[in-house]
Amino acid sequence: IKTDLSFQLKSWQIRDIIALIPPSFTSYVEGIYAEGMLSSEGKIKGTYNDSIMPLMDIHVLLKNGKVNYPEMLPFPVSNILGDVNIHTDLRNDAISYVHINNLKANTPKSQIAANGTVKQLFSDMRINLKADANLNINEFEVFLPEDMPVDMKGNVNGNVNADFTLSQIEKMELDKIKASGTFALKGLDVVYDSISVKAQNSNISFSLPNPNPSTRNTNFVKASISSDLLQASMIDSFDASLTNVLIGVETSDVRDTTQI
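Predicted, not measured: the structure shown is a model, and the values here were computed from it. (Residues numbered from 1 in each chain as written. Predicted model: local features only at pLDDT ≥ 70, side-chain atom pairs only at ≥ 80, totals over all residues. Heavy atoms only, no water.)

Q: Looking at this model, I keep getting lost on the overall build of the chain. Mind explaining?
A: For the chain, the count of helices and strands is 2 helices and 12 strands. Going from N to C terminus, the chain has its helices and strands arranged as β-α-β-β-β-β-β-β-β-α-β-β-β-β. For the chain, with 260 residues in total, the buried portion stands at 32%. For the chain, the exposed area adds up to about 15,900 Å²; of that, 55% sits on carbon and sulfur atoms. Averaging the positions of the 22 positive and the 30 negative side-chain charges in the chain gives two centres separated by 8 Å. (Helix = DSSP H or I, 4+ residues; strand = E, 2+ residues; numbered from the N terminus. Buried < 20%, exposed > 50% of the residue type's maximum accessible area, 1.4 Å probe, protein only. Areas by Shrake-Rupley, 256 points an atom, 1.4 Å probe, with all protein chains shown as cover. Lys, Arg positive; Asp, Glu negative; His and termini not counted. Charge placed at Lys NZ, Arg CZ, Asp CG, Glu CD.)

Q: Help me out: how do you make sense of unusual backbone geometry in this one?
A: Apart from glycine, the bulk of residues carry a negative phi angle, and the bulk of peptide bonds sit in the trans form. Cis geometry marks the peptide bond from leucine 208 to proline 209, where omega comes out at 0°. Along the chain, proline 209 falls in the loop between β10 (195–208) and β11 (221–234). Phi at aspartate 193 takes a positive value of approximately 55°, unusual for a residue other than glycine. Secondary-structure assignment places aspartate 193 in the loop between β9 (178–192) and β10. Exposure remark for aspartate 193: the relative accessible area of 42% places this residue in the partly exposed category.

Q: It is not clear to me how the pairing of β11 should be interpreted in this structure. Could you clarify?
A: Successive residues of a regular strand alternate their side chains across the two faces of the sheet. Where β10 and β11 come together, 11 bridges link them in antiparallel fashion. Bridge assignment links serine 196 to a residue of β11, and that residue is serine 233. Where β11 lies against strand β12 (residues 238–251), 13 bridges are found, and the strand directions are antiparallel. Considered in β12, the bridge of glutamine 231 is made with serine 241. Between β11 and β12, which pair antiparallel and follow one another directly, the connecting turn spans 3 residues, one of which, aspartate 236, has a positive phi of 60°. (Pairing = 2+ DSSP bridges.)

Q: Please explain the sheet that holds strand β5 (residues 97–106) as it appears in this structure.
A: Each strand in a sheet pairs with another by means of backbone hydrogen bonds, the pair being arranged parallel or else antiparallel. One open sheet holds the 12 strands; their spatial order is β1-β2-β3-β4-β5-β6-β7-β8-β9-β10-β11-β12, and the pairing between them is antiparallel. If you trace the sheet from one side to the other, it starts and ends with β1 (2–13) and β12, each paired once. Between one strand axis and the next, the sheet turns through 10° on average, direction left out of account. Across 8 bridges, strand β4 (residues 77–88) lies against β5 in antiparallel orientation. The residue bridging valine 84 from the neighbouring strand is isoleucine 100, located in β5. (Axes fitted to C-alpha atoms, helices over the stretch in contact; angles between N-to-C directions.)

Q: Looking at this structure, how should I read the packing of aromatic side chains?
A: For any pair of aromatic rings, the description consists of the separation of the ring centres together with the inter-plane angle of the planes. Enumeration according to the criterion identifies 4 aromatic pairs in this entry. The interplanar angle of 75° and the centroid separation of 5.6 Å between the aromatic rings of phenylalanine 75 and phenylalanine 140 together place this pair among those described as edge-to-face. Here phenylalanine 75 is found in the loop between β3 (55–68) and β4, whereas its partner phenylalanine 140 is found in the loop between β7 (126–136) and β8 (150–165), with 65 residues between them in sequence. (Phe/Tyr/Trp six-rings, centres within 6.5 Å; stacked < 30°, edge-to-face > 60°.)

Q: I tried to follow the pattern of salt bridges on my own but got confused; where do I start?
A: Two side chains bearing opposite charge may form a pair once their charged atoms approach each other closely. On inspection of all chains with the given rule, the structure shows 3 salt bridges. The shortest N-O distance in the salt bridge between glutamate 35 and arginine 15 comes to 3.8 Å. Residue glutamate 35 is located in strand β2 (residues 33–47), and its partner arginine 15 is located in helix α1 (residues 14–18); the two are separated by 20 residues in the primary sequence. In this structure, arginine 126 and aspartate 163 form a salt bridge, with 2.8 Å as the shortest nitrogen-oxygen distance. Of the two residues, arginine 126 is situated in strand β7 and aspartate 163 in strand β8; the sequence distance between them amounts to 37 residues. Among the residues examined, arginine 126 registers a relative accessible area of 31% and is labelled partly exposed. (Salt bridge = Lys/Arg side-chain N within 4 Å of Asp/Glu carboxyl O.)

Okay, structure coming up:
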């Protein structure tokens, strides 16, 4: 079948669209519950047969979206506004990508806005994002490895640039993820293994990995921290209370407490 089509969808319920997906492609949305109003326009051009799909160039606008995907997300996502361009033949990583013009969403306790690009759609997705966020950090503690002894509380408001693959996030391979950002924190209370840190009003900027490590062992992350009041302690080691703080930090991989 040779195709050369232009189309426009004014406003469709996502549930109705998912119901139209051919059985051969339902595996892409298995386990995902989604709703919202979708409008779209685009072009589909090329040959369709047992081994080839036509090339799709599609603009999609989503309003009032909701997604629940327990396999990937420990909480529902609501109030989704999405504006994306999709370029794909549903098979080939080399020519397929998603450009996120604008994406906004709420979790039960946080708000996120982002834009960027997703590539390698059919293997290990590579995601390059710029995000602005207002986060309750306790809500995202579930993404840390189960054997990582961290308890986190507080709110974070700021922005981050990140470049990572889906498998790196799933496996929490922090040494392979590239990220940088600046955040304002309120009511921070973090306990990691034997280390405790508390701060009421703080600002943090960071780079992962450290772009210019001063030693061979501190290439994991670099951070700058300022705070009006910072309390830090380590069991059987130190207990400190600092005012008008300005600290520069470089570290080794903090997940290995025996080598910090």
